Amino acid sequence: MLNTRYLPTNIPDDSYMYLPELRRVRRISVANRSDAFWGTDMDLDSLWGMNSKHAYWKWRLLAEKQILAPVHMGQYGTRDVWCAQPDGRSGVLAGMPCNINWEKRNVYVVEGLPVAYSQYAYSKRIMYVDKDFWAQNFSEMYDNGGELWKLWFNMFEYGPLPYEGYPVKPIRGAKYNYTDDWAFTPHGMQMDLQLAHFSKWDAPSGYEKQEDWINEWYFNEPIEFNTSKAFSVNFLIQSAR
């Protein structure tokens, strides 16, 4: 997937998706940004809790409060965070986190109403924005009847390197070790509460050997995927193939 966002508020995103089954690139219209993609429960505008252009929404601060959320979750990139393994037979337990740390977090509760879409699946969003690092712990999406429809849930491991906290010895000599703390997001999910269905994700380390974890995150690194060339439709096609 490739997304280009422009600074002028009146210019919408240019979004493209490569479809391996069709071996072609599909351009995604603004009207379709709330539609689920890749056979999941996720949509482009809900990635990481909120991925829409902010100028297309009317915002209101509802409250400041404390909630429980996993920020120093004590795990990274292992599918042991889930109550059951994603084997296709465990049902909803495979999408419920069990083996992580929860803590009290101070958040802003923010309401967003879409004002720049001709058609849109959501009537509003309620977002729980962490005061420390300005990312969303949770995001609620409501249907056009005003009923709660979907939930986005981020799980954070906050620290200077992504491998910190993993139950086996972290790779201290990994390529990307940072001096500053970052809010790494190795796990999370989006749930359709009306269908009782969910789609979750794990960092690549949940599927790879530990010694292959050197390419987990790219923050300000001069690597192949952070060049101007990488942000093009041609590179998207080559990478997907």
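One can find the structure itself at the top, above this paragraph.
This one's a predicted model, so the numbers in the text were calculated from it and none came from an experiment. (Residues numbered from 1 in each chain as written. Predicted model: local features only at pLDDT ≥ 70, side-chain atom pairs only at ≥ 80, totals over all residues. Heavy atoms only, no water.)

Quick word on the sheet that holds strand E8 (residues 148-159)
Strand order in the open sheet made by the seven strands is E4-E5-E6-E7-E8-E9-E10, with antiparallel pairing throughout. The sheet is open, and its two edges are formed by strand E4 (57-69) and strand E10 (197-202), each paired on a single side. Averaged over all neighbouring strand pairs, the angle between strand axes comes to 15 degrees, with direction disregarded. Taken together, the six bridges between strand E9 (residues 182-192) and E10 define a ladder with antiparallel strand orientation. Across the sheet, the residue bridging to Met191 is Phe198, located in E10. (Pairing = 2+ DSSP bridges. Helix = DSSP H or I, 4+ residues; strand = E, 2+ residues; numbered from the N terminus. Axes fitted to C-alpha atoms, helices over the stretch in contact; angles between N-to-C directions.)

Some details on empty space enclosed by the protein
Where empty space is left in the structure can be found by rolling a water-sized probe over the atoms. The final tally for this structure, using the stated rule, is one cavity of 30 Å³ or more. Computed from the structure, the largest cavity encloses a volume of approximately 30 Å³. In this structure, the largest cavity is lined by Arg5, Pro12, Asp13, Val30, Arg33, Asp45, Ser52, Lys53, Tyr56 and Tyr117. Here the lining of the largest cavity is built from residues that sort into four nonpolar, one polar and five charged. (1 Å grid on protein atoms, 1.4 Å probe; cavity = no way out; pocket = protein on both sides within 12 Å on 5 of 7 lines; lining within 4 Å. Points joined across faces, edges and corners; volume = space filled by probe spheres on them. Nonpolar A, V, L, I, M, F, W, Y, C, P; charged D, E, K, R; others polar.)

So, the sheet that holds strand E2 (residues 14-19)
Across the sheet, which stays open at both edges, the three strands sit in the order E1-E2-E3 with antiparallel pairing between neighbours. Every other strand in the sheet has two partners, leaving strand E1 (2-4) and strand E3 (24-28) as the edge strands with one partner each. Neighbour-to-neighbour, the strand axes of this sheet turn through a mean angle of 20 degrees, independent of strand direction. One ladder, built from three bridges, connects E1 with E2; its direction is antiparallel. In the strand pairing of E2, Asn3 is matched with Ser15. Along the sheet, helix H1 (residues 233-240) contacts E1, E2 and E3; its crossing angle with E2, the most-contacted strand, is approximately 25 degrees. (Contact = heavy atoms within 4.5 Å.)

A few points about the packing of aromatic side chains
Scanning the entire structure with this criterion turns up 11 aromatic pairs. Ring centres 5.0 Å apart and planes at 15 degrees place the aromatic pair Phe138 and Phe153 in the stacked group. Note that Phe138 is positioned in strand E7 (residues 136-142) and Phe153 in strand E8, a separation of 15 residues in sequence. Across the pair, Phe153 and Phe138 agree in class, each one buried. Every member of this aromatic cluster is reached through a ring pair, and the members are Trp57, Trp59, Tyr120, Tyr122 and Trp149. Residue placement shows Lys124 over the ring face of Tyr142; its charged tip is 4.8 Å from the ring centre. If you follow Lys131 out to its NZ or CZ, it ends over the ring of Tyr108, 4.8 Å from the centre. (Phe/Tyr/Trp six-rings, centres within 6.5 Å; stacked < 30°, edge-to-face > 60°. Buried < 20%, exposed > 50% of the residue type's maximum accessible area, 1.4 Å probe, protein only. Lys NZ or Arg CZ within 6 Å of the ring centre and 35° of its normal.)

Things to note about the nonpolar core
Judged by nonpolar contacts, the single largest core of 20 residues is most densely connected at Phe37, Trp57 and Trp152. Elements with a contribution of two residues or more to this core: E2 and strand E6 (124-130). Setting aside anything within four residues of it in sequence, one finds Phe37 in contact with Met17, Met42, Asp43, Leu44 and Leu47. Formed by 18 residues, the second largest nonpolar core is a distinct cluster that contains Ile67, Val81, Phe153 and Met189. (Core = buried A, V, L, I, M, F, W, Y, C linked by side-chain atoms within 4.5 Å.)

Comments concerning the pattern of salt bridges
All chains considered together, the criterion is met by 11 salt bridges. One salt bridge connects Arg5 with Asp13, and the closest N-O pair in it is separated by 2.6 Å. According to the relative accessible area criterion, Arg5 is partly exposed, its value standing at 37%. Given a relative accessible area of 10%, Asp13 falls into the buried group. In this structure, Arg105 and Asp132 form a salt bridge, with 2.9 Å as the shortest nitrogen-oxygen distance. One end of the pair, Arg105, is in strand E5 (residues 103-114); the other, Asp132, is in the loop between E6 and E7, and 27 residues separate them in sequence. Judged by relative accessible area, Arg105 falls into the buried class, the value being 7%. Its relative accessible area of 58% is what places Asp132 among the exposed residues. In this structure, a network of salt bridges that share partners links the residues Arg5, Asp13, Arg33 and Asp45. (Salt bridge = Lys/Arg side-chain N within 4 Å of Asp/Glu carboxyl O.)

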